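Analysis of the macromolecular model
Okay, here's what each chain looks like letter by letter:
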Amino acid sequence: MAAKSATKSVEQGRNLRPFYANHTPEQLKEALRRMWLVRRFEEMAEESYIRGLTHGTMHLSIGQEASAVGICLELTDKDYITSTHRGHGHCIGKGAEVKYMFAEFFGKEEGYCRGRGGSMHIADPATGNLGANGIVGGGLPLATGAALAIKKRGSKDVAVCFFGDGANNEGAFHESLNIAAVWKLPVIYVCENNQYGMSVSTERSTAVKDVATRAAAYNMPGVIVDGNSIADVNEAMTAAMERARNGEGPTLIECKTYRTRGHSRSDRNRYRSKEEIESWKGKDPIPAFEDELMALGILTQADVEGVRAGVEKDIQDGFDFATKGTNPEPSSLLRGVYTTGDAA
Amino acid sequence: MSENVRELSFSGAVQEALAVAMENDPRVFLMGEDIGVYGGAFQVTGDLVHRFGEDRVMDTPISELGGAGVAVGAAVAGARPVYEFQFSDFASLAMEQIVNQAAKMRFMLGGKVSVPVVFRMPCGSGTGAAAQHSQSLEAWFGHVPGLKVVEAATPEDAKGLLLAAIEDPDPVLVFEHKLLYKIKGHVPEGHYTTPIGKALVRRQGKDATVVAAAIMVHKALEAAEVLAGEGIDIEVIDLRTIRPIDTATIIESVKKTTRLACVYEGVKTLGIGAEISALIAESEAFDYLDAPIMRLGGAESPIPYSPILEKAAVPQTDDIVAGLRNLVKGRI
Ligand SMILES: Cc1ncc(C[n+]2csc(CCOP(=O)(O)OP(=O)(O)O)c2C)c(N)n1
Ligand SMILES: [Mg+2]
């Protein structure tokens, strides 16, 4: 759903910031819809887990929806993303349908990974999503490689790599950024800095205050944005896209944000205070976006309620679809290990 | 004899070993991701950070190559680090330091240094954590001269083997099957070690020998119980050390039972069972065999997320029962 020319965009005469000026009301409404879809998908996934419909673990991005959607707003299905263990937002942002995501959670053949991957590997290659990742930092070289392939085929597409603050201490981060800069690859590194890698704060794990500072070591721009403001995120993304498409190489965008849920199902939040969590709940990116849209007269209260109602229906329909899904046959276990000899 | 009835969970036994080691030896310290105030992803280190402080229970950044490698360097320089991989799968990020450095340093330097580092390796499937968090990679490390590899089946051995590993002058990888963390069993108090390189016959039998480790020992014992009802008498060997393998115990058992089954969760091909089969084929026990050797191993696939497929990917008790029944009755 890349931003199109401003023919129908929100009034040009007004002094609107680029995010609002350069997108149509329909595009902005769709962005809001996707943010709600992420939120409600995760709340429902959490409930399914509690009800025993899902096993394993899951990592919720509640409170971080603005970065996922604000970045993906500029992408088409031909652009790639690599995602993380906290990847439901990236997946929906890139255009996945929740019914196939629920099906994946319930381990069904209808799921995006035919029930083989689960939450931590959710992917939709058809929309350019190369997948969530169980390995912290695992997507960094992959996105860089996708950008290399784009460059080799000479198209104007880009690759986006989502990763967490924790991942910036893996060797894969440093090696990838260096390669991308030396080869001027069309890749955008998006660090969702929610201030903790599991229980360890960035102050305790990372030698620099801002991950963006590290961009300097690899001779690329390092941009810090309010990760809870979709407008801030998107404007930084637009600039990075332009740079990538002009052959100028990679950009590192650091989105400062916070996860209001625990790291995963087993988190007891012993490393942070209730006050800290509560204060960030007050900076929820979704109502903030809604308020802005309404204050600018782009959407009415009725529009916003319509978006929420539509999302509610999608979630319920998706959930129902998934519960009726097909369980994999044990005899199909070896399917997908190799390409050759695989029954499509 | 109140000491004899004291029970601990497997994870509690591991934690107690770490505490005993740190109490007895000021050189011992722990490194790993989220092992401090979080208590470890599986709550193994628990509140050790409160007892021993952050200098000895060190949360590392998410940097496995660096973290594990720093542990190796500290060991060479006289410390006794115990590095926890949050999941043993992530040791793949640190292979360089484990395989190229830790394993070979003593040898390459003409025996002039030793590398007393311990890596704790939570492993195995059954938790729905899918392909990158469920592997059983013991055989990978067992392939490397210079490394030792142990894997306990009981809380008692979990403590004893870990203490032996920490006191060992060479690098030891201590695998811990995640599904065993909650099992309970008798654990002696205080300091003791379980010798590295010694298997244990957990059940005496005369019809067939099952060699297994960790969770597969429990499944094999369950299978043996079922088969006992059919008049089939199974001997179960708990391997306990993957490298160096206790060949003598296995050979002696096979000479007695004349049949061998290897049961392991790691991928069947080129796995632990291949080694055990070969060592029997090469030994005097070969002449005693009354049936071909049987291997029951993990499927030739990554571990899937779907619970149905996940179960199908590793040997279950029913598979072991059926396999052994066939081994003993099918072909004579
Ligand atoms: C290589 C590797 N190390 C450790 C883990 C365990 N783990 C999963 S998520 C996580 C925290 C990641 O932190 P961050 O990158 O900041 O992402 P966030 O969870 O905050 O979104 C850890 C330690 C892993 N999955 N992979
Ligand atoms: Mg983080």
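Residues numbered from 1 in each chain as written. Chains lettered and ligands numbered in written order. Predicted model: local features only at pLDDT ≥ 70, side-chain atom pairs only at ≥ 80, totals over all residues. Heavy atoms only, no water.

Points about the overall build of chain A
Rules: Think of it this way: any DSSP run of H or I at least four residues long counts as a helix, any run of E at least two long counts as a strand, and we number them from the N terminus. It is over C-alpha atoms that the radius of gyration is taken, and the globule rule equals 2.2 Å times the number of residues to the power 0.38. Residue burial is assigned from relative accessible area. The probe radius is 1.4 Å, only protein chains are included, and a residue is buried under 20% of its type maximum, exposed over 50%, and partly exposed in between. Every residue pair with non-hydrogen atoms within 4.5 Å of one another is taken to be in contact.
Secondary structure assignment for chain A yields 12 helices and seven strands. In terms of overall dimensions, chain A is globule-like: its C-alpha atoms have a radius of gyration of 20 Å, near the 20 Å expected for 344 residues. With respect to the principal axes defined by its C-alpha atoms, chain A has extents near 60 × 50 × 45 Å. The 344 residues of chain A split such that 57% are buried. Taking as baseline every contact in chain A between residues at least 6 positions apart, the subset at least 24 positions apart corresponds to 72%.

A short note on the packing of helix α2 (residues 25-50) of chain A against helix α11 (residues 285-295) of chain A
Residues and elements named next belong to chain A. Keep this limit in mind: The angle between two axes is taken between their N-to-C directions and runs from 0 to 180 degrees, where each axis is a line fitted to C-alpha atoms and a helix contributes only its stretch in contact. Note on terminology: angles under 35 degrees are roughly parallel, angles over 145 are roughly antiparallel, angles of 65 to 115 are roughly perpendicular, and the others are oblique. Left-handed describes a crossing in which the near helix is turned anticlockwise from the far one by less than a right angle; the clockwise case is right-handed. Residue type decides the class: Asp, Glu, Lys and Arg count as charged, Ala, Val, Leu, Ile, Met, Phe, Trp, Tyr, Cys and Pro as nonpolar, and the leftover types, Gly among them, as polar.
Viewed as axis vectors pointing N to C, α2 and α11 meet at an angle of 160 degrees, and their least axial separation amounts to 10 Å. The angle between the axes of α2 and α11 places the two elements in the roughly antiparallel class. The two elements α2 and α11 meet at a crossing, and its hand is left-handed. The residues of α11 that touch α2, namely those facing Leu28, Ala31, Leu32, Met35, Trp36 and Arg39, are Pro285, Ile286, Phe289, Glu290 and Leu293. The residue makeup of the contact of α2 with α11, split by class, is nine nonpolar, no polar and two charged.

A closer look at the coordination of the magnesium ion (ligand 2)
Residues and elements named next belong to chain A. Rule in force here: Water is not among the atoms examined, so metal sites may look incomplete; donors are the N, O and S atoms within 2.8 Å of the metal, or within 3.2 Å for Na, K and Ca.
Taken together, Asp165 (OD), Asn194 (OD1) and Tyr196 (O) make up the full set of protein donors to the magnesium ion (ligand 2), lying 2.1 Å away. Read from N- to C-terminus, the donor residues coordinating the magnesium ion (ligand 2) fall into the pattern D-x28-N-x1-Y. On the criterion of sequence distance, the pair formed by aspartate 165 in the loop between β2 (159-164) and α7 (171-182) and tyrosine 196 in strand β4 (residues 196-197) is long-range, its members being 31 residues apart. Accessibility assignment for this pair places aspartate 165 and tyrosine 196 in one class, buried.

Details of the site of ligand 1
Quick note on the threshold: When at least one non-hydrogen atom of a residue lies within 4 Å of a molecule or strand, that residue is treated as near it. Any pair of N or O atoms that falls within 3.5 Å is considered a polar contact. Within protein, one atom must be able to donate a hydrogen and the other to accept it, and sequence-neighbouring residues count only if both atoms are side-chain atoms.
Taken together, 23 residues lie near ligand 1, and His85, Arg86, Gly134 and Gly166 of chain A together with Glu64 of chain B sit nearest. Ligand 1 is flanked by residues contributed from chains A and B. Here a nitrogen atom of ligand 1 and a backbone polar atom of glycine 134 of chain A are 2.7 Å apart. At 3.0 Å, a side-chain N or O of aspartate 165 of chain A approaches an oxygen atom of ligand 1.

Thoughts on a nonpolar patch on the surface
All names here are of chain A. Heads up, the condition is: Patch rule: a residue counts if its relative accessible area is over 30% and it has no salt bridge; like charges are joined within 9 Å, and nonpolar side chains (Val, Leu, Ile, Met, Phe, Trp, Tyr) within 5 Å. To be clear on the numbers: accessible area is Shrake-Rupley with a 1.4 Å probe, and residue cover counts the displayed protein chains and nothing else. Salt bridges are counted wherever a side-chain nitrogen of Lys or Arg sits within 4 Å of a carboxyl oxygen of Asp or Glu.
Judged by side-chain polarity, Ile179, Val182 and Trp183 come together as a nonpolar surface patch covering roughly 300 Å² of accessible area. Among the secondary structure elements, valine 182 is positioned in helix α7. By relative accessible area, which is 59% here, valine 182 ends up exposed.

What about the pattern of salt bridges?
Residues and elements named next belong to chain B. On inspection of all chains with the given rule, the structure shows 39 salt bridges over all chains. Between aspartate 25 and arginine 27 there is a salt bridge, with the nearest N and O atoms lying 2.8 Å from each other. Aspartate 25 gets classed as buried once you look at its relative accessible area, which sits at 16%. Residues glutamate 84 and arginine 120 are paired through a salt bridge, measuring 2.8 Å at the closest nitrogen-oxygen approach.

Some points on the domain arrangement of chain B
All names here are of chain B. What counts here: Either an automatic procedure or a domain database provided the assignment from which the domain bounds are taken. When two parts are brought into contact, each loses some accessible area as probed by a 1.4 Å sphere; the total of that loss over both is the buried area.
The domain boundaries assigned to chain B delineate domain 1 (7-186) and domain 2 (200-330). Listed by partner, the interface residues are 29 residues for domain 1 and 23 residues for domain 2. For the domain 1 and domain 2 pair, buried surface summed over both sides reaches about 1900 Å², with 58% attributable to carbon and sulfur atoms. It is Ser125, Glu151 and Ala153 that lose the most area in domain 1 upon contact with domain 2, and together they represent 22% of the buried surface on that side. On inspection of domain 1 and its partner domain 2, the count reaches two salt bridges. Here arginine 240 ties to aspartate 157 by a salt bridge, and the two come within 3.2 Å at their closest N and O atoms. For the pair domain 1 and domain 2, the number of links is 13 residue pairs in polar contact (both at pLDDT 80 or more).

Remarks on the packing of aromatic side chains
Each aromatic ring pair is specified by the distance between its two centres and by the angle formed by the two planes. Our working definition: Centres within 6.5 Å are what make two rings of Phe, Tyr or Trp a pair, Trp counting through its six-membered ring; a difference in plane orientation under 30 degrees is then read as stacked, over 60 as edge-to-face, and the rest as tilted. As a reminder, the over-ring test applies to NZ of lysine and CZ of arginine, requiring each to be within 6 Å of the ring centre and within 35 degrees of the ring normal.
Counted according to the given criterion, the structure contains 23 aromatic pairs over all chains. A cation over a ring is seen here: lysine 283 of chain A above tryptophan 280 of chain A, with NZ or CZ 3.9 Å from the ring centre.

Observations regarding the confidence of the model for chain B
In low-pLDDT regions, the fine details of the predicted coordinates are not to be read closely. Threshold: Scored from 0 to 100, pLDDT reflects the predictor's confidence in each residue.
For chain B, the average pLDDT comes to 97, and 98% of its residues sit at 70 or higher. Model confidence for the complex is summarised by a pTM of 0.96, with the ipTM given as 0.96.

A look at the nonpolar core
All names here are of chain B. Basically, it comes down to this: By convention a nonpolar core is built from buried Ala, Val, Leu, Ile, Met, Phe, Trp, Tyr and Cys residues, the set being connected through side-chain atoms within 4.5 Å.
Core analysis: the biggest nonpolar cluster contains 55 residues, and Ile234 and Leu324 have the highest contact counts within it. It is helix α1 (residues 10-24) that provides the largest number of residues to this core, a total of eight residues. The contacts of isoleucine 234, once residues within four sequence positions are left out, are Arg203, Gln204, Gly205, Ala208, Val210, Ala224, Leu227, Leu324 and Val328. With 49 residues, the next largest nonpolar core counts Ala71, Ile98, Cys123 and Phe175 among its residues.

Concerning the environment of alanine 158 of chain B
Residues and elements named next belong to chain B. Structurally, alanine 158 is set in helix α7 (residues 155-167). Taking the relative accessible area as the measure of exposure, alanine 158 reaches 4% and is therefore buried. Residues alanine 158 and glutamate 230, 72 residues apart in the sequence, show an inter-C-alpha distance of 33 Å. With sequence-adjacent residues up to four places away left out, alanine 158 is seen in contact with Phe10, Val14 and Ala152.

Focus on the interface of chain A and chain B
In this complex, chain A contributes 40 residues to the contact, which on the side of chain B involves 35 residues. Here chain A meets chain B over a buried area of about 3000 Å², counting both sides, of which 62% is carbon and sulfur. In this structure, the connection of chain A to chain B is made through one salt bridge. Aspartate 59 of chain B is the salt-bridge partner of arginine 204 of chain A, the closest N and O atoms lying 3.1 Å from each other. At the surface where chain A touches chain B, the tally comes to 14 residue pairs in polar contact (both at pLDDT 80 or more). For the side of chain A that touches chain B, the secondary structure elements donating two or more residues are α5 (98-105) and α8 (202-205) of chain A. Among the residues forming the side of chain A that touches chain B, the class breakdown is 12 nonpolar, 20 polar and eight charged.

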